[in-house]
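# Reading the structure
Here is what each chain is made of, one letter per residue.
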Amino acid sequence: MTPQDRSLLTGLFQAAVLAADPAQALRAHLPARPKGRVVVIGAGKGAAQLAAAFETLWDGPLSGVVVTRYGYGCQTQRIKVLEAAHPVPDQAGLAASVALYGAVRGLTADDLVVALICGGGSALLPCPPDGLTLEDEAALNRALLASGAPISVMNAIRKQVSGIKGGRLAAACHPARVVSLVVSDVPGDDPAQVASGPTVPDAVSREDARAMVAAWRIDLPEKIAAWLAGEDGRAPDPADPVFAGHEVRVIASARISLEAAAAASAVPAVILSDAIEGEARDVGRVHAAIAGEVFSRNRPFARPVVILSGGETTVTLRGKGRGGRNSEFLLALALAAEGVDFAALAADTDGIDGSENNAGAFADGASMARLRRLGMDPAAALARNDAYTAFEVLGDLFAPGPTGTNVNDFRAILIR
């Protein structure tokens with residue numbers, strides 16, 4: 001890959017992230033000042049940056065608390081920032097859930113709650129219902145992450161096994177008005193799915209969740225399966241009067257970020273979709289077929305072109321390697337598109353791909369041949385979910401660090 005191509009791809013990623021910058025995203029969505037108090041709550045990998053931006057933009061007194069992933073915090077003046085574990089919840093996340101409930105206790109109809117919600121909040125806000133423990137919720141998360149199920153399915157199940165998700169936190173704010181400002185990291189931008197919707201109730205029922213477990217053959221821990229089979233602790237109904245007057249606004253999303261990247265590209269750019277789901281390796285192979293068609297036959301897009309896409313793929317764990325969904329996508333793409341003259345970047349817009357220190361990686365049509373010369377079999381690496389190691393050996397990991405936002409996967413394939 002030439003330095004020019006790497007620079008172009010990095011610039012597109014930066015344009016996508018800038019379009020989801022908290023200050024820029026919040027500016028047009030500030031609610032009207034209430035008669036009473038303003039309390040800010042929030043959760044997600046970009047929650048601290050959202051809180052800092054809100055403090056700067058808000059003209060008036062406020063207080064509050066948000067929770068973000070370890071290492072993702074930033075300086076704030078009036079809103080307390082807590083940090084907890086992601087993607088498997090820990091004791092600090094449990095304490096954060098308690099703190100958020102404490103922040104909204106005793107409010108009146110004159111008060112306003114501003115909820116700053118973005119991706120990652122599901123793991124950051126553990127709150128096991130009566131009869132279950134933090135370890136039970138952590139075991140549920142591990143089972144869901146290993147299942148290969150789409151995020152909508154995982155979140156539907158999480159909402160039925162929680163004391164805070166599925167609108168429960170918003171219900172606790174009653175009678176105060178709640179305005180949820182959501183940075184969407186989910187395909188389709190349904191705000192009830194982002195962070196499992198702590199302040200946005202969902203119509204998906206307990207029965208729906210049970211059907212999803214069966215359809216996706218998810219191996220739930222025994223205690224979780226027993227809880228889900230019962231009727232206690234159902235998620236609240238969106239029609240419940242406690243939610244009357246609440247507002248929900250999606251202030252940033254993959255669609256907006258991909259459009260910004262396309263506009264910033266020095267090469268003609270096309271957007272396949274901002275809502276692609278499925279197994280990362282399968283999505284990689286499909287993208288490889290499209291790249292090959294463009295390279296060989298100049299269709300369905302004419303060269304030169306940058307092919308952009310977003311959404312959230314999943315990885316079904318088959319081995320014990322290292323890597324996240326974006327690096328696995330890219331390894332599958334590079335394997336299937338060997339010999340095609342392309343350059344690609346796949347990365348998570350929050351700066352972290354899964355649980356490693358990289359956002360994703362770079363690859364081109366010669367990457368797999370180079371990897372073999374370095375003594376590593378790329379097909380075997382893909383089989384054991386070891387994409388991180390493969391790109392580490394190549395020196396092609398992309399590690400910008402935490403970006404302060406999260407609108408999910410970003411994929412760019414350049415064909416000269």
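Below is a summary of the structure that appears in this document. Every chain is numbered independently, its residues counted from 1 as its sequence is written. Local features in a predicted model are, by the rule used here, given only for residues with pLDDT of at least 70; side-chain atom pairs are given and counted only at 80 or more, and totals for whole chains, interfaces and linings are based on all residues. Side-chain figures throughout are based on the complete set of non-hydrogen atoms in the structure, without hydrogens or water.

### Structural notes on the overall build of the protein
Cut-off, in case you're wondering: Secondary structure elements follow DSSP: runs of H or I of four or more residues count as helices, runs of E of two or more count as strands, with numbering from the N terminus. Radius of gyration: over C-alpha atoms. The globule rule applied is 2.2 Å multiplied by the number of residues raised to the 0.38 power. Burial here depends on accessible area, computed with a 1.4 Å probe over protein chains only, as a share of the maximum for the residue type. Under 20% is buried, over 50% is exposed, and the range in between is partly exposed. Residues count as neighbours in contact if any of their non-hydrogen atoms are within 4.5 Å of one another. Computed with a 1.4 Å probe, the accessible areas rest on the Shrake-Rupley method; for each residue, only the protein chains presented here act as cover. Positive charges come from Lys and Arg, negative ones from Asp and Glu, while His and the chain ends are left out of the count. The atom standing in for a charge is NZ when the residue is Lys, CZ when it is Arg, CG when it is Asp and CD when it is Glu.
Tallying secondary structure elements over the protein gives 16 helices and twelve strands in all. Taking 22 Å as the expected radius of gyration for a compact globule of 416 residues, we find that the protein reaches 21 Å, a close match to that expectation. C-alpha atoms of the protein, sized along the principal axes, occupy 65 × 50 × 35 Å. Burial statistics for the protein: of 416 residues in total, 57% are counted as buried. Put simply, 78% of the contacts in the protein that link residues at least 6 apart link residues at least 24 apart. A total of about 15400 Å² of accessible surface is found on the protein, and carbon and sulfur atoms cover 53% of it. Charge separation in the protein, taken as the distance between the mean sites of 38 positive and 45 negative side-chain charges, equals 2 Å.

### Description of the sheet that holds strand 11 (residues 397–398)
Definition in use: The pairing criterion for strands is at least two bridges between them, as found by DSSP. Axis angles are defined between N-to-C directions and span 0 to 180 degrees, where every axis is a line fitted to C-alpha atoms and, for a helix, only to the segment in contact.
A sheet is described by the order of its strands in space; here six strands give the open sequence 7-8-12-9-10-11, paired in mixed fashion. At either end of the open sheet lies a strand with only one pairing partner, and these are strand 7 (269–271) and strand 11. Bridge analysis of strand 9 (residues 342–348) against strand 10 (residues 360–364) gives five bridges, and the strand direction is antiparallel. Bridged to A343 within strand 10 is D364. In the packing of helix 11 (residues 254–264) onto the sheet, the strands contacted are strand 7, strand 8 (305–311) and strand 12 (409–415), and the crossing angle to strand 8 comes to about 170°. With respect to the sheet, helix 13 (residues 325–336) is in contact with strand 9, strand 10 and strand 12, its orientation differing from that of strand 9 by roughly 160°.

### A word on the packing of aromatic side chains
Within a pair of aromatic rings, the relevant descriptors are the distance that separates the centres and the angle that separates the planes. For clarity, the threshold we go by: Only centres within 6.5 Å qualify two rings of Phe, Tyr or Trp (six-membered ring in Trp) as a pair; their planes then separate them into stacked at under 30 degrees, edge-to-face at over 60, and tilted for everything else. Should the NZ of a Lys or the CZ of an Arg lie within 6 Å of a ring centre and within 35 degrees of the ring normal, that charge is described as sitting over the ring.
All chains considered together, the criterion is met by four aromatic pairs. Geometrically, the ring pair formed by F54 and W58 is stacked, given 5.3 Å between the ring centres and 15° between the ring planes. Summarising the burial analysis for this pair, F54 and W58 share the class buried. Taking the centre distance of 5.4 Å and the plane angle of 75° together, the rings of F362 and F398 count as edge-to-face. One end of the pair, F362, is in strand 10; the other, F398, is in strand 11, with 36 residues separating them in the sequence. We classify F398 as buried; its relative accessible area is 8%. An aromatic cluster is built from F13, F362, F398 and F410, whose rings are joined through pairwise contacts. Over the ring of F362 we find R6, and its NZ or CZ is 4.5 Å from the ring centre.

### Digging into empty space enclosed by the protein
As a reminder of what qualifies: Buriedness for pockets is judged along seven lines, at least five of which must meet protein on both sides within 12 Å for an open set on the 1 Å grid over protein atoms alone, while cavities are sets there where a 1.4 Å probe fits but cannot get out, and lining residues have an atom within 4 Å of a point. Grid points are joined across faces, edges and corners, and a volume is the space filled by probe spheres set on the points. Think of it as three bins: nonpolar holds Ala, Val, Leu, Ile, Met, Phe, Trp, Tyr, Cys and Pro, charged holds Asp, Glu, Lys and Arg, and polar takes everything else, Gly as well.
Following the criterion strictly, the structure yields three cavities of 30 Å³ or more and no others. For the largest cavity, the calculated volume is near 50 Å³. Elements supplying a minimum of two residues to the lining of the largest cavity: helix 5 (121–124) and helix 6 (134–147). Ranked by residue count, the leading element in the lining of the largest cavity is helix 6, at three residues. Across the lining of the largest cavity, the residue classes break down as four nonpolar, two polar and three charged.

Worth remembering: the numbers are spatial, not functional.
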